[in-house]
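# Architecture at a glance
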Amino acid sequence: MSIEKVGVAGCGLMGSGIAEVAARAGKDVRVREIDEAQVEAGRGRIEKSLGRAVKREKITAEERDEVLGRISFTTEVEALADRDLVIEAVVEDLAVKNELFQALDELCGDQTIFASNTSSLTITDMAAAVNRPDRVVGLHFFNPVPVMKLVEVVRTIATSEETFERAFDFAGELGKEPVAAKDNSGFVVNLLLVPYMLDAIRHLERGVASIPDMDKAMVLGCGYPMGPFTLCDFVGNDTTLKIAEIMFDEYREERYAPPPLLKRLVAMGRYGRKSGKGFYDYSGDEPVPLDVG
Ligand code: CAA
Ligand code: NAD
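In this text, all values refer to a predicted model and were calculated from it rather than measured experimentally.

About the criteria used
Residues numbered from 1 in each chain as written. Chains lettered and ligands numbered in written order. Predicted model: local features only at pLDDT ≥ 70, side-chain atom pairs only at ≥ 80, totals over all residues. Heavy atoms only, no water. Phe/Tyr/Trp six-rings, centres within 6.5 Å; stacked < 30°, edge-to-face > 60°. Helix = DSSP H or I, 4+ residues; strand = E, 2+ residues; numbered from the N terminus. Buried < 20%, exposed > 50% of the residue type's maximum accessible area, 1.4 Å probe, protein only. Axes fitted to C-alpha atoms, helices over the stretch in contact; angles between N-to-C directions. Parallel < 35°, antiparallel > 145°, perpendicular 65-115°, else oblique. Left-handed = near helix turned anticlockwise from the far one by under 90°. Contact = heavy atoms within 4.5 Å. Nonpolar A, V, L, I, M, F, W, Y, C, P; charged D, E, K, R; others polar. Near = heavy atom within 4 Å. Polar contact = N/O pair within 3.5 Å; in protein donor to acceptor, adjacent residues only side chain to side chain. Areas by Shrake-Rupley, 256 points an atom, 1.4 Å probe, with all protein chains shown as cover.

Let's shift gears to the packing of aromatic side chains. Overall, the coordinates contain six aromatic pairs when judged by the stated rule. Between Phe101 and Phe114 the ring centres are 5.0 Å apart and the planes differ by 5 degrees, which places this aromatic pair in the stacked class. In this pair, Phe101 sits in helix α4 (residues 94–107) while Phe114 sits in strand β5 (residues 113–116), placing the two residues 13 residues apart along the sequence. Residue Phe101 shares its accessibility class with Phe114, and that shared class is buried. Ring geometry for Tyr280 against Tyr282: centres 6.3 Å apart, planes inclined by 55 degrees, an arrangement best described as tilted.

Structure, rendered in structure tokens:
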């Protein structure tokens, strides 16, 4: 039984990308955001990304319109009741995710699978909070979702084989390369990537080199597509801070501890690209490094 009706909760950086790729794969997609302003912001993100695909001649303007026609938007959680699969991409906060899944647990039929796009929480902590732990799975996409090929598919000890297989196949239908991961905080990629990002901030605090020079070093020295500070701003410093707090709480290892500079940037609203300023200022044509020392 393939998954055709998809719900996406949260239409920020990740939810907008997940909704886009699902609709591009022909799925009927319904997106839930918290209010009309966020619905419009999310719709704008999807339109912008599809506009980019048209410009690059990846899809035609007609195909863009068809994709947009397959996505509906709502602020009502009830509107997700008939979905085969609901993927949550709300903020990285267990209480917010569990509140959403508990509401959906009451509303959705038995057929609905719940998936989380969490970066660092465990799927078990969400599965344990609902009455369908066998139908809860992790589907961890990467940013930018339309471009990055990987999806980590995560099962808990309670996830049924059928749920796992349907989620795994769904990722493949979206044109992604799924890998199976165990339910540990950070799965595979973030276990390795998060300490690297946090280390870069710690070394900046120590004055090792400037922001653009450290970024340049990793791009030109290692062939990384973007340097660590460009990446932090791209992921969102607010999200990276939440991830670090969760992973540090889980492992109690220094490498996951949020560096003070990251906390200060978030306190000042310097979330990165999405707020216009982070390690760089994005108000002009080119990003300009900021003095954060
Ligand atoms: N949305 C949609 N498409 C995008 C995009 C976006 N935000 N940004 C770039 N693209 C597309 C472009 O349209 C282009 O597509 P085609 O090849 O089909 O024409 C392609 O990506 C390349 O774009 P550009 O040439 O403009 O830019 P680039 O070569 O500099 O690549 C990039 C941009 C793909 C983002 C690249 O810099 C990159 O791979 N960066 C690293 C991203 C990364 O590490 N992501 C993982 C973050 S961690 C995470 O996601 C997990 C977590 O839990 C925090
Ligand atoms: P974001 O801040 O860009 O978007 C989160 C969205 O969720 C916001 O638009 C907010 O209005 C909405 N929201 C909050 N509560 C909601 C609710 N109850 N129902 C519906 N919408 C709600 O964050 P993001 O970067 O898209 O991250 C979302 C999730 O994806 C997080 O769990 C994050 O860890 C994970 N993730 C992020 C990245 C990344 O690179 N940013 C990569 C992979 C996974």
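Before going further, it helps to spend a moment on the packing of helix α7 (residues 189–205) against helix α10 (residues 237–251). At their nearest, the axes of α7 and α10 sit 11 Å apart, and the two run at 115 degrees to each other. As judged from the angle between their axes, α7 and α10 are roughly perpendicular. Helix-helix and strand crossings are classified by hand; for α7 and α10 the assignment is left-handed. Contacts between α7 and α10 pair Asn190, Leu191, Val194, Met197 and Leu198 from the former with Thr240, Ile243, Ala244, Met247 and Tyr251 from the latter. Grouping the constituent residues of the contact of α7 with α10 by class yields eight nonpolar, two polar and no charged.

On to the site of ligand 2, then. Among the 23 residues in the neighbourhood of ligand 2, the closest are listed as Met14, Glu33, Glu92, Lys97 and Ser119. Between ligand 2 and Glu33 there is a distance of 2.5 Å, counted from an oxygen atom to a side-chain nitrogen or oxygen. The contact in question runs from an oxygen atom of ligand 2 to an N or O atom on the backbone of Val90, over 3.3 Å. Against a free-state accessible area of 830 Å², the protein chains account for coverage of 90% of ligand 2. The set of elements that each furnish at least two residues to the shell around ligand 2 consists of α1 (13–24), α4 and β6 (136–141).

Everything listed here is a matter of geometry and, on its own, says nothing about what the molecule does.
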